[in-house]
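# Chains, contacts and geometry: an overview
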Amino acid sequence: MIKLHGFLVSNYYSMVKFALLEKGLEFEHVQVMPSQEDDFKAKSPMGKVPCIETEHGFISETIAILEYLESIKPSPALFPADPYAAAKVREVAHGLELYIELQGRRHYSEIFFGEKRNEAAVAEAKPVIENGLKALKQLGSFGPYICGEFSAADIVAAHSFVYAAPVCQAVYGWDIIAEVPGLQAALDATNARAAGAQVATEHGAAMKAFQESAA
Ligand SMILES: N[C@@H](CCC(=O)N[C@@H](CS)C(=O)NCC(=O)O)C(=O)O
């Protein structure tokens, strides 16, 4: 059985859990925090979570994990069968990580951990996110899911905006979801799926507990 290493507050952990649940793949949760210790980096070379433990060894990087899950259990599909359509799903998913999630992440230390504002990040991240949102608007068909049918792009979106949206609201007073027509409906449809609702509920409870413990 696949072992999913990580912690519930992690939005990337949520993406992999969503895919496992969506595909009906059995898995076991292994509670792990990110670490630069050699023993953890032997499993996840950048020391990040999530990583999964398979019968063959470990895999890290969320989109690579989603691709692996698709290969071992193609149905229900997270990527379209048509190669071009599948590449467009990958294009959207990578864009969400690089130009939305990672830019929002530059403000996590301020918003979630009460650290000093990173003024360079405030100035640098916004134009990248603006471009990322324009790309998403251009690439998506929002019918209601981002690429039409439900796909890995929706999973990555739901758990990228889950933090990027409140962070941009707090830092810039900016509603980034409203910038992309149809995005809110796509996120709502994604989070209303059985797997999506389970992940959102469990993530929300873990986040609440984390915030209460930090208060
Ligand atoms: N590109 C990685 C990002 C994963 C990631 O950033 N995970 C966070 C937790 S949500 C983490 O491990 N952070 C610790 C660190 O960056 O050292 C992926 O796709 O899985």
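Here is what the cut-offs are and how they apply
- Residues numbered from 1 in each chain as written.
- Predicted model: local features only at pLDDT ≥ 70, side-chain atom pairs only at ≥ 80, totals over all residues.
- Heavy atoms only, no water.
- Pairing = 2+ DSSP bridges.
- Helix = DSSP H or I, 4+ residues; strand = E, 2+ residues; numbered from the N terminus.
- Axes fitted to C-alpha atoms, helices over the stretch in contact; angles between N-to-C directions.
- Contact = heavy atoms within 4.5 Å.
- Buried < 20%, exposed > 50% of the residue type's maximum accessible area, 1.4 Å probe, protein only.
- Right-handed = clockwise from strand over helix to strand, strands pointing away.

## A few points about the sheet that holds strand 2 (residues 27–31)
Either a parallel or an antiparallel arrangement is found when strands of a sheet pair, and the pairing is made through backbone hydrogen bonds. Here four strands make up an open sheet; going across it, the order is 2-1-3-4 and the pairing mixed. Looking along the sheet, the strands with just one partner apiece sit at the ends: strand 2 and strand 4 (58–60). Mean inter-strand twist for the sheet, computed between neighbouring axes without regard to direction, equals 25°. Relative to strand 3 (residues 51–53), strand 1 (residues 2–6) runs antiparallel, the two sharing three bridges. Note that in strand 3 the partner of leucine 4 across the bridge is isoleucine 52. Those strands touched by helix 1 (residues 11–23) are strand 1, strand 2 and strand 3, and its axis lies near 160° from that of strand 1. On top of the sheet, helix 3 (residues 62–72) reaches strand 1, strand 3 and strand 4; it is set at about 125° to strand 4, its chief contact.

## A closer look at the pairing of strand 1
For strand 1, a buried count of four out of five residues is recorded, marking the element as mostly surrounded by other parts of the structure. Alignment of strand 1 against strand 2, held across five bridges, turns out to be parallel. Looking at strand 2, one finds that leucine 4 is bridged to histidine 29. With helix 1 bridging strand 1 and the parallel strand 2, this β-α-β connection has right-handed handedness.

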